Amino acid sequence: MPIFEYRCNKCRTKFEKLVFGSSASVSCPSCGSSKVEKLPSTFGMSGVQHQTKASSACASCSSGSCSSCH
């Protein structure tokens with residue numbers, strides 16, 4: 001039973017919701033709108049962002065030993 005983070009497209013409120021199934025309907029607790037967007041998990045994305053920054057900096061040199069490759 002994962003907890004997902006959502007943002008309401010109507011009032012822009014961010015909230016978390018415990019979801020029991022893929023077909024569960026989610027509505028904003030502030031305004032009641034069902035037009036919500038599931039946000040990417042920051043826990044799951046933290047490693048990806050770090051790798052992306054490092055690989056883009058190291059792509060500028062062929063040896064991988066320049067000052068931007070740390």
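Up top is the structure.
Residues numbered from 1 in each chain as written. Predicted model: local features only at pLDDT ≥ 70, side-chain atom pairs only at ≥ 80, totals over all residues. Heavy atoms only, no water.

Any details on the nonpolar core? Residues and values, ideally.
The nonpolar side chains of a soluble globular protein tend to be buried, and buried together. In this structure, Tyr 6, Cys 8, Phe 15, Val 19, Val 26 and Cys 28 together form the largest nonpolar core, which totals six residues. Every residue in contact with Val 26, bar those within four places of it in the chain, is listed here: Tyr 6, Phe 15, Lys 17, Ser 33, Ser 34 and Val 36. (Core = buried A, V, L, I, M, F, W, Y, C linked by side-chain atoms within 4.5 Å. Buried < 20%, exposed > 50% of the residue type's maximum accessible area, 1.4 Å probe, protein only. Contact = heavy atoms within 4.5 Å.)

Before we move on, can you summarise the packing of aromatic side chains with the specific residues and values?
Under the defined criterion, the tally for this structure stands at two aromatic pairs. On the numbers, 6.5 Å between centres and 70° between planes, the contact of Phe 4 with Tyr 6 is edge-to-face. Ring centres of Tyr 6 and Phe 15 lie 5.7 Å apart, and the angle between their planes is 20°; this geometry places the pair in the stacked category. Accessibility assignment for this pair places Tyr 6 and Phe 15 in one class, buried. Ring-pair connections join several aromatic residues into one group, and the members of that group are Phe 4, Tyr 6 and Phe 15. (Phe/Tyr/Trp six-rings, centres within 6.5 Å; stacked < 30°, edge-to-face > 60°.)

Could you give an account of the pairing of strand 2 (residues 14–18), with specific residues and numbers?
With five bridges joining them, strand 1 (residues 3–8) and strand 2 adopt antiparallel strand pairing. Bridging from a neighbouring strand, Glu 5 pairs with Glu 16 of strand 2. Connecting strand 1 to the next strand, strand 2, in antiparallel fashion are five residues, including Arg 12 with a positive phi near 65°. (Pairing = 2+ DSSP bridges. Helix = DSSP H or I, 4+ residues; strand = E, 2+ residues; numbered from the N terminus.)

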